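Breakdown of the fold
Residue strings, one per chain:
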Amino acid sequence: MTGTAARVRIPATSALREIQAPVAGRLEDVVAEMRRVVTADLPLIEQVSGHLLQMRGKMFRPTLALLASETAGTPAPRVVTLAAVVELMHLASLVHDDSVDHSALRRGLPTVNSLFSHQVSVIMGDFLYSRALEALVGMGDLDLLRVLTSVSTQLTIGEMRQLAAVDALAFTVADYESLIQAKTASLLSAACETGSMCGAAQHRDALRRYGERLGMAFQVADDILDYTETASVTGKPSGLDLREHKVTLPLIAALPTLSPAGRRAVEALFTSDVPSDAQIAEVVALVGEAGGIESARRHGEQFAREAEEAIDGLPDTPARTALADAILYVMDRRS
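Note that the coordinates shown come from a computational prediction; the quantities given were computed from them, not determined experimentally.

Each value, and the rule that gives it
- Residues numbered from 1 in each chain as written.
- Predicted model: local features only at pLDDT ≥ 70, side-chain atom pairs only at ≥ 80, totals over all residues.
- Heavy atoms only, no water.
- Helix = DSSP H or I, 4+ residues; strand = E, 2+ residues; numbered from the N terminus.
- Contact = heavy atoms within 4.5 Å.
- Core = buried A, V, L, I, M, F, W, Y, C linked by side-chain atoms within 4.5 Å.
- Buried < 20%, exposed > 50% of the residue type's maximum accessible area, 1.4 Å probe, protein only.
- Bend = angle between axes of the 7 residues up to and from the residue.
- Salt bridge = Lys/Arg side-chain N within 4 Å of Asp/Glu carboxyl O.

Our focus in this paragraph is the environment of His102. Residue position: His102 is located in the loop between helix H6 (79–101) and strand S1 (105–106). Residues His102 and Asn113, 11 residues apart in the sequence, show an inter-C-alpha distance of 7.4 Å. Aside from chain neighbours lying at most four places away, what touches His102 is Asn113 and His118.

Right, dumping it as structure tokens:
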């Protein structure tokens, strides 16, 4: 990269604090707004909502929305509600994903489906979506509603596309990019686009493009972590995607260069209902030796460059600097 590569690299957690610094006060307002939106006069919903807000994570998507609204120096107060809606949609997608994948942990805490039940998990995900969209309707802006309801559709289609894959090992780079565009990039793109609509509408196209490219880089980096980081760093088992028979870019890139024996090892893992730790370790090693991780990293860096190019013309403000630093954060993070 050019500008981002020239910046001093600092640990990812402190980098995120620096990125959030221009909007730190309003991020606290976003958390309060999330609590307001999901409040319901039903003890079970209150219990599950409280648990979810504990595991809300780094608030990266609301941060992007708030920063986007700041890029012209005229942020509108309604961006706080907008940012809360974006994060609630993200939480809803995670609740549904965890239920589909039968995941037991998320960010070191029990998932809704493991702590309560799969039925509660599915219904709670629906509740978060409906409350988020209800809050969006209350903002009275059809254009905002149009963008975010389209994202809701894309998230669902992305999940169905993944479930419908008959031969996982026939997954191509194009298939993978379509999937991560729907499941990850669509919401980051919408966070930036709708954020700009709350104070910087003149930069809407640039910020939409930035968010979309950043989202692609984000997911590639996340998929690389599954092959490179240990459970103590990520809070989830290394090789989790392989355990769940998910084909991501490192494996796609490695498959054409594997030896027949290597290919058989991969096929054996994907035909095993419960792959062993030894199988996971073998395939992780094979992917690394075949250059799959490095190939995926180069792919992610191209997306990162495109994200940086998208905001080249934005005013030189703390918000723009933070958005540029977010590209490095995405590429360098370890969890």
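Below, the discussion takes up the nonpolar core. Core analysis: the biggest nonpolar cluster contains 105 residues, and Phe60, Leu128, Tyr210 and Leu251 have the highest contact counts within it. Take this core: its biggest share by element is 12 residues, from H6. Not counting chain neighbours up to four residues away, the residues in contact with Tyr210 comprise Leu64, Cys192, Ala307, Ala310, Ile311, Leu323, Ala326 and Ile327.

What follows covers helix H10 (residues 173–196). Residues lying three or four places apart along an α-helix face the same way, a consequence of the helix completing one turn every 3.6 residues. Where H10 bends most, at Ala185, the angle is about 50°. Within H10, 17 of the 24 residues are buried, leaving the element largely enclosed by the surrounding structure.

Okay, the pattern of salt bridges next. Enumeration according to the criterion identifies 19 salt bridges in this entry. Here Glu193 ties to Arg204 by a salt bridge, and the two come within 2.8 Å at their closest N and O atoms. Residue Glu193 is found in helix H10, and its partner Arg204 is found in helix H11 (residues 204–228); the two are separated by 11 residues along the sequence. Two residues, Glu244 and Lys246, come together in a salt bridge whose shortest N-O distance is 3.2 Å. A relative accessible area of 24% places Glu244 in the partly exposed class. One salt-bridge network, in which partners are shared between bridges, spans Asp143, Arg146, Glu193 and Arg204.

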